[in-house]
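Architecture and fold: a report
These are the residues of each chain, in order.
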Amino acid sequence: MNAEQARAVQDVLIRSIEDESKATRKVIAAVPNGNRDYKPDPKSRSAWEIAVHMAMGDIWFADSILNGEFAWTGEPQTPAEMTNPAAVVAWHEKQLGERLTRLRAMTPEQLLKTVDFFGTSGPAVTFLAAMNNHTIHHRGQLAAYLRAAGSKVPAIYGMSADENLFAQPQA
């Protein structure tokens, strides 16, 4: 991969992350605060745990890419301001926006630096795809919890049974 290709990958993936993050925040916002501890099985994470994990995971991935190193020391402490789903949404929007600005400013040398991701290595820029995929994966988990937890599933790609962005208003 050369510098021009790295810039193209960077541009496409950051735009995708921006677009997907809007849907992710809609799903997090739909977690019912009164039933945020819902989980379908004792082995599962709760809706709240997945919501926090997604928000913090995006920041961990971004910081790892920016630092050129993926180091896992365990689940970090939940930020004190994450008191309810709306607060997680606000935190994620602010923190991710800041990180995306910094990711856009990376030099070609930083984008092309070979980094190790737990035994897999490649140019730092390619791990933007892993960041995006990680969030989409967990967003799917969380969306599947919502109705059972007493909420509605927001439209992610156009519509859901609960939110049809294409429906005509009823007269």
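Relevant structure appears above.
So, a few notes on the structure that sits alongside this text. (Residues numbered from 1 in each chain as written. Predicted model: local features only at pLDDT ≥ 70, side-chain atom pairs only at ≥ 80, totals over all residues. Heavy atoms only, no water.)

What follows concerns the overall build of the protein. Check the secondary structure of the protein and you find 5 helices and 2 strands. The helix and strand sequence of the protein, counted from the amino end, reads α-α-α-α-β-β-α. In terms of overall dimensions, the protein is globule-like: its C-alpha atoms have a radius of gyration of 17 Å, near the 16 Å expected for 171 residues. With the principal axes as the frame, the protein shows a C-alpha extent of 55 × 40 × 25 Å. When each of the 171 residues of the protein is scored for burial, the buried share is 43%. If you take every contact in the protein between residues at least 6 apart in sequence, the share linking residues at least 24 apart comes to 71%. By element, 53% of the accessible surface of the protein is carried by carbon and sulfur atoms, the whole surface being about 9200 Å². Both charge centroids of the protein, one from 17 positive and one from 19 negative side chains, sit 3 Å from each other. (Helix = DSSP H or I, 4+ residues; strand = E, 2+ residues; numbered from the N terminus. Rg over C-alpha atoms; globule rule 2.2 N^0.38 Å. Buried < 20%, exposed > 50% of the residue type's maximum accessible area, 1.4 Å probe, protein only. Contact = heavy atoms within 4.5 Å. Areas by Shrake-Rupley, 256 points an atom, 1.4 Å probe, with all protein chains shown as cover. Lys, Arg positive; Asp, Glu negative; His and termini not counted. Charge placed at Lys NZ, Arg CZ, Asp CG, Glu CD.)

According to the stated counting rule, one finds 1 cavity of 30 Å³ or more in the structure shown. In this model, the largest cavity occupies a volume close to 40 Å³. Looking at the lining of the largest cavity, the elements with two or more residues in it are helix 1 (3–29) and helix 5 (127–146). The residue inventory of the lining of the largest cavity, partitioned by class, reads 3 nonpolar, 4 polar and 3 charged. (1 Å grid on protein atoms, 1.4 Å probe; cavity = no way out; pocket = protein on both sides within 12 Å on 5 of 7 lines; lining within 4 Å. Points joined across faces, edges and corners; volume = space filled by probe spheres on them. Nonpolar A, V, L, I, M, F, W, Y, C, P; charged D, E, K, R; others polar.)

In this structure, strand 1 (residues 114–117) lies alongside strand 2 (residues 120–123), joined through 4 bridges in antiparallel fashion. Note on strand 2: the bridge partner recorded for aspartate 116 is serine 121. (Pairing = 2+ DSSP bridges.)

The next subject is the packing of aromatic side chains. Tallying each qualifying case throughout the model produces 11 aromatic pairs. Feature note: the residues Trp60, Phe61, Phe70, Trp72, Phe117, Phe118 and Phe127 constitute an aromatic cluster, connected by ring pairs. Across from the ring centre of tryptophan 48, 3.8 Å away, lies the NZ or CZ of arginine 36, which sits over that ring. (Phe/Tyr/Trp six-rings, centres within 6.5 Å; stacked < 30°, edge-to-face > 60°. Lys NZ or Arg CZ within 6 Å of the ring centre and 35° of its normal.)

Relative to the helices and strands, serine 160 resides in the segment after helix 5. Given the relative accessible area of 15%, serine 160 is considered buried. The contact partners of serine 160, leaving out residues within four places of it in the chain, are Val153, Pro154 and Ala155. Here the side chain of serine 160 touches valine 153 through a polar contact of 2.4 Å, landing on its backbone oxygen. Of the polar contacts made by the side chain of serine 160, one reaches the backbone nitrogen of aspartate 162; its length is 3.1 Å. (Polar contact = N/O pair within 3.5 Å; in protein donor to acceptor, adjacent residues only side chain to side chain.)

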